[in-house]
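One-letter residues, chain by chain:
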Amino acid sequence: MRVVVSGGGTGGHIYPALSLIKEIKRNHENAEILYIGTERGLEADIVPRENIPFETIHISGFKRKLSIENIKTITRFLTGTKRAKKLIQNFKPDVVIGTGGYVCGPVVYAAAKLSIPTVIHEQNSVPGLTNKFLSRYVDRVAVCFEEAKEFFPKEKVIFTGNPRASDVLDIDKEAGRNSLNLDATKKTVLIVGGSRGARPINDAFLSVIGEWSKKNYQVVYVTGSVHYDTVMGKVNEVEQSKNVIIRPFIHNMPDVLGAIDLIVARAGATTLAEITALGLPSILIPSPYVTNNHQEKNANALKVNGAAIVRKEQEMSGEVLLNDIDQIFSVQGKWNEMNRAALELGVPHAARNVFQVLVDVSR
Ligand SMILES: CC(=O)N[C@H]1[C@@H](OP(=O)(O)OP(=O)(O)OC[C@H]2O[C@@H](n3ccc(=O)[nH]c3=O)[C@H](O)[C@@H]2O)O[C@H](CO)[C@@H](O)[C@@H]1O
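Per UniProt, the chain has the following entry under Sequence similarities (unreviewed entry): "Belongs to the glycosyltransferase 28 family. MurG subfamily."

Participant: So what exactly am I meant to see when it comes to the overall build of the chain here?
Facilitator: Assigned secondary structure in the chain consists of 16 helices and 13 strands. For 363 residues, the compact-globule estimate of 2.2 N^0.38 gives 21 Å, and the C-alpha radius of gyration of the chain, at 20 Å, lies within 12% of that figure. Projecting the C-alpha coordinates of the chain onto the three principal axes gives extents of approximately 60 × 40 × 35 Å. A burial count over the chain gives 47% of its 363 residues as buried. Taking the contacts inside the chain whose residues are at least 6 apart along the sequence as the reference set, 68% of them involve residues at least 24 apart.

Participant: Any chance you could explain the site of the ligand here in plain terms?
Facilitator: Surveying the vicinity of the ligand reveals 26 residues, the closest of which are T10, G11, G12, G194 and G268. Breaking the shell around the ligand down by element, the ones donating at least two residues are helix 1 (11-27), helix 12 (269-278) and helix 13 (294-305). Broken down by class, the residue content of the shell around the ligand amounts to 8 nonpolar, 15 polar and 3 charged. Residues from two domains meet in the shell around the ligand; each of domain 1 (2-164 + 348-361) and domain 2 (173-345) gives at least three.

Participant: Help me out: how do you make sense of the domain arrangement of the chain in this one?
Facilitator: Think of interface size as the accessible area that goes away when the parts come together; that is how it is often given. Considered domain by domain, the chain is made up of domain 1 (2-164 + 348-361) and domain 2 (173-345). For domain 1 versus domain 2, the separation of C-alpha centres amounts to 28 Å. With 19 residues of domain 1 at the contact, the number on the domain 2 side is 14 residues. The element best represented in the side of domain 1 that touches domain 2 is helix 1, accounting for 4 residues. Looking at the side of domain 1 that touches domain 2 residue by residue, the classes come out as 8 nonpolar, 9 polar and 2 charged.

Participant: Got a minute to help me understand the packing of helix 1 against helix 16 (residues 350-361) in this structure?
Facilitator: Where helix 1 meets helix 16, the axes come as close as 9 Å, and the angle between the chain directions of the two elements is 70 degrees. Of the possible angle classes, the one that applies to helix 1 and helix 16 is roughly perpendicular. Here S19, L20, E23, I24 and N27 of helix 1 come into contact with helix 16, specifically with A351, R352, V354 and F355. The residue makeup of the contact of helix 1 with helix 16, split by class, is 5 nonpolar, 2 polar and 2 charged.

Participant: What's the story with unusual backbone geometry in this structure? I'm lost.
Facilitator: Peptide bonds are, in most cases, trans, and in most cases residues other than glycine have a negative phi. You will see that K92, though not glycine, has its phi angle at about 55 degrees, which is positive. Mapped onto the fold, K92 is located in the loop between helix 3 (68-91) and strand 4 (95-98). Note on K92: 12 C-beta atoms within 10 Å, which makes it exposed. Backbone geometry places N293, a non-glycine residue, at a positive phi of 50 degrees.

Participant: Even after reading the chapter, I still don't get the nonpolar core, so can you show me in this structure?
Facilitator: Side chains of nonpolar character tend, in soluble globular proteins, to be buried together. Of all hydrophobic cores here, the largest spans 100 residues; its most connected members are V107 and I191. Among the elements that make up this core, the one with the highest residue count is helix 1 (7 residues). Shared between two domains, this core holds at least three residues of each, these being domain 1 (2-164 + 348-361) and domain 2 (173-345). Excluding anything up to four places from it in sequence, V107 contacts V4, S6, I36, A84, V96 and G98.

Participant: Is there a simple way to explain the environment of A299 in this structure?
Facilitator: Mapped onto the secondary structure, A299 falls in helix 13. Looking at A299, the number of C-beta atoms within 10 Å reads 28, which means it is buried. As for A299 and A267, which are separated by 32 residues in sequence, their C-alpha atoms are 5.6 Å apart. Among residues more than four places away in sequence, those in contact with A299 are A267, L284, P286, A308 and V310.

Participant: Looking at this structure, I do not really get the pairing of strand 1 (residues 2-6). What am I missing?
Facilitator: The side chains of a regular strand alternate, residue by residue, between the two faces of the sheet. Most of strand 1 is tucked away, with 4 of its 5 residues classed as buried. For strand 1 and strand 2 (residues 32-37), the ladder comprises 5 bridges, and the chain directions are parallel. Bridging across to strand 2, S6 finds its partner in I36. Handedness of the β-α-β unit built from strand 1, helix 1 and strand 2 comes out right-handed. With 4 bridges joining them, strand 1 and strand 4 adopt parallel strand pairing.

Participant: Can you walk me through the packing of helix 14 (residues 318-330) against helix 15 (residues 334-345) in this structure?
Facilitator: A pair of packed helices is captured by two measures, namely the crossing angle of their axes and the spacing between those axes. Packing of helix 14 against helix 15 brings their axes to within 6 Å, and their N-to-C directions diverge by 95 degrees. Judged by the angle between their axes, helix 14 and helix 15 are roughly perpendicular. Every residue of helix 15 that contacts helix 14 at Q327, I328 and F329 is listed here: K334, W335 and M338. When its residues are assigned to classes, the contact of helix 14 with helix 15 shows 4 nonpolar, 1 polar and 1 charged.

Participant: Hey, could you run me through the UniProt feature "binding site: UDP-N-acetyl-alpha-D-glucosamine" (unreviewed entry) in the chain in this one?
Facilitator: The UniProt feature table records "binding site: UDP-N-acetyl-alpha-D-glucosamine" (unreviewed entry) at T10, G11, G12, N124, S195, I250 and Q295. Spatial dispersion of the annotated residues is evident: they stretch over 286 residues in sequence, and the largest pairwise C-alpha distance comes to 22.5 Å. Mapping T10 onto the fold places it in the loop between strand 1 and helix 1. Those residues within four positions of T10 in sequence are excluded, and the remaining contacts are L42, S195 and R196. As for its placement among the helices and strands, N124 is situated in the loop between strand 5 (118-122) and helix 5 (129-134). Setting aside residues up to four positions removed in sequence, N124 forms contacts with A148, A269, H294 and N298.

Calculation criteria
- Residues numbered from 1 in each chain as written.
- Predicted model: local features only at pLDDT ≥ 70, side-chain atom pairs only at ≥ 80, totals over all residues.
- UniProt positions renumbered as here; feature names shortened; annotations may be inferred.
- Helix = DSSP H or I, 4+ residues; strand = E, 2+ residues; numbered from the N terminus.
- Rg over C-alpha atoms; globule rule 2.2 N^0.38 Å.
- Buried ≥ 20, exposed ≤ 12 C-beta atoms within 10 Å, placed from the backbone.
- Contact = placed C-beta atoms within 7 Å.
- Near = placed C-beta within 6 Å.
- Nonpolar A, V, L, I, M, F, W, Y, C, P; charged D, E, K, R; others polar.
- Domains from an automatic or database assignment.
- Axes fitted to C-alpha atoms, helices over the stretch in contact; angles between N-to-C directions.
- Parallel < 35°, antiparallel > 145°, perpendicular 65-115°, else oblique.
- Core = buried A, V, L, I, M, F, W, Y, C linked by C-beta atoms within 7 Å.
- Pairing = 2+ DSSP bridges.
- Right-handed = clockwise from strand over helix to strand, strands pointing away.

Structure follows, in structure tokens:
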């Protein structure tokens, strides 16, 4: 089986692609994969680490308002499509799948124009522009929220879940714990602002920096690579006690997720797929800076079920976070209830489901 995979920009589009690649290799040991991304997205760092053949095209996103930038974007789309066509013609895939981000536009479009079977995977409850555009040309649209179905042609859309959900079930908790020197006798809270970090969450964390070390749980705090130096400049050694572990980015996230008891996070769809697969209780602070406020909609799906506490960015503060964490750990039965509710929403076989869609279209 020969598969071109494309997805980029942020981790939420890249990790599902990598989990799917693992599933393809599990089923077809000799499968050949080509990943097409951009040189500027996180994929340029993450994908080569996994020893997956990686090629790039140059592309940028459309602005929603009319602008000169959009003319440049159209030109880049056309040159991107031309380059993608060449890469695809050389590689000769059986199927091409896009997992989101601007880069998928020219890659999946080029494949469809070359009459190669195509699939897109939409992680969110509300799709982005690229996937809406591509849905006209592809053979199948795989979605992770029932709510997303209405945005796509009925005859193409299929609920699969997010392949990353399957990947986080195949983990080594002990390795996750050891990689961060965690104390196995204590509960652990992970605080993370999505794959690129989030300044408002950093600010909330720092505003109560002296409090974390007084708690009977430990905190793993991920700043996001670009924010790391600024955060570390504001934290002294005492505050960085054994109780608080600060990292710019975590590359072994599945193992780490297996080693923690509670997560404070943005509401990116891939993160939500991971935490529902594992049944991790969560405090979610949806990013208000995303298309159609889709993170709030993602988060509400968990809130309604009792799996998460959701805090709007403007009502979130260090004190609010400390208080929410205390509630989840100390109110009798609360953690267990949230754990059960989260598990109910998990789609553990998602990788198998998406793989099956690839097999079906490439027949
Ligand atoms: C600002 C923005 O546009 N965000 C979007 C982006 O978010 P973002 O890339 O932040 O997406 P998610 O939160 O969904 O996924 C992040 C992924 O990165 C991993 N991770 C994160 C931090 C870290 O240190 N190590 C690590 O491995 C997580 O485990 C997860 O697999 O894609 C998501 C999925 O389409 C969307 O729902 C988000 O709205």
